[in-house]
Amino acid sequence: MAAAGASVVLKAVRRISVRFCPFESNVRATREFLVLVGSEKARSTNMNCEVTVEARHDRSPPLVQVTFADGENLVMKGANLSSQEMLSALKSRCTARDPQAKAGGRK
């Protein structure tokens, strides 16, 4: 897995919705991202964060939609991104919304 040791703090996230067709060849990065945000370590950072998975058999492209606590959405098309790129985008937006994470990073 590309980012096996990476962790993310989901404190600023309200919902993560992952949608993909499991029979397509371009869903590996999306599935790896799902494993990372669905891990016990990541989920323990925000027990109220809702992670939903929708497996479709309609040849639709993989899609990750993140809804933050302030109402803003982040939509990532997994066919064109690696799991590391998706995780990096999520981390940067979570850090920008969480003042404690910013303070902790400066120490």
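This text goes with the structure placed above it.
These figures come from a predicted structure and were not determined experimentally. All residue numbers refer to position in the chain's written sequence, counted from 1. Restriction of local features to residues with pLDDT of at least 70 applies here, the model being predicted, together with a cutoff of 80 or more for giving and counting side-chain atom pairs; totals for whole chains, interfaces and linings are based on all residues. Excluded from the side-chain calculations are hydrogens and water; all other atoms, namely the structure's heavy atoms, are used.

Our focus in this paragraph is the overall build of the chain. Along its length, the chain carries 4 helices and 4 strands. In this description a helix means any DSSP run of H or I spanning at least four residues, a strand means any run of E spanning at least two, and both kinds are numbered starting from the N terminus. Written out in order from the N terminus, the α and β elements of the chain read β-α-α-β-β-β-α-α. Relative accessibility decides the category of a residue: with a 1.4 Å probe and only protein chains considered, values under 20% of the type maximum give buried, values over 50% give exposed, and everything between is partly exposed. Evaluated residue by residue, the chain yields a buried proportion of 36% over its 107 residues. By definition, residues are in contact when any of their heavy atoms lie within 4.5 Å. Considering only intrachain contacts with a sequence separation of at least 6, the fraction spanning at least 24 residues in the chain is 71%. What sets the accessible areas is the Shrake-Rupley method with a 1.4 Å probe; for residues, cover comes only from the shown protein chains. When the accessible surface of the chain is summed, it comes to about 6,300 Å², and 49% of that surface belongs to carbon and sulfur atoms.

DSSP bridges decide pairing: two strands pair if at least two such bridges lie between them. Within the open sheet, the 4 strands sit side by side as E2-E1-E3-E4. Their pairing is mixed. Unpaired on one side and paired on the other, strand E2 (50–55) and strand E4 (73–77) mark the two borders of the sheet. Between one strand axis and the next, the sheet turns through 10° on average, direction left out of account. With 6 bridges joining them, strand E1 (residues 13–20) and E2 adopt parallel strand pairing. Looking across to E2, one finds that Phe20 is bridged to Ala55. Its contacts with the sheet place helix H1 (residues 28–37) against E1, E2, strand E3 (63–68) and E4, and it is angled at close to 150° to E1. Relative to E3, helix H3 (residues 83–97) is tilted by about 5°, and along the sheet it contacts E1, E3 and E4. Orientation is described by axes fitted as lines to C-alpha atoms, over the contacting stretch for helices, and by angles from 0 to 180 degrees between their N-to-C directions.

The phi angle at Arg59 is positive, at roughly 60°, despite the residue not being glycine. By relative accessible area, which is 64% here, Arg59 ends up exposed.

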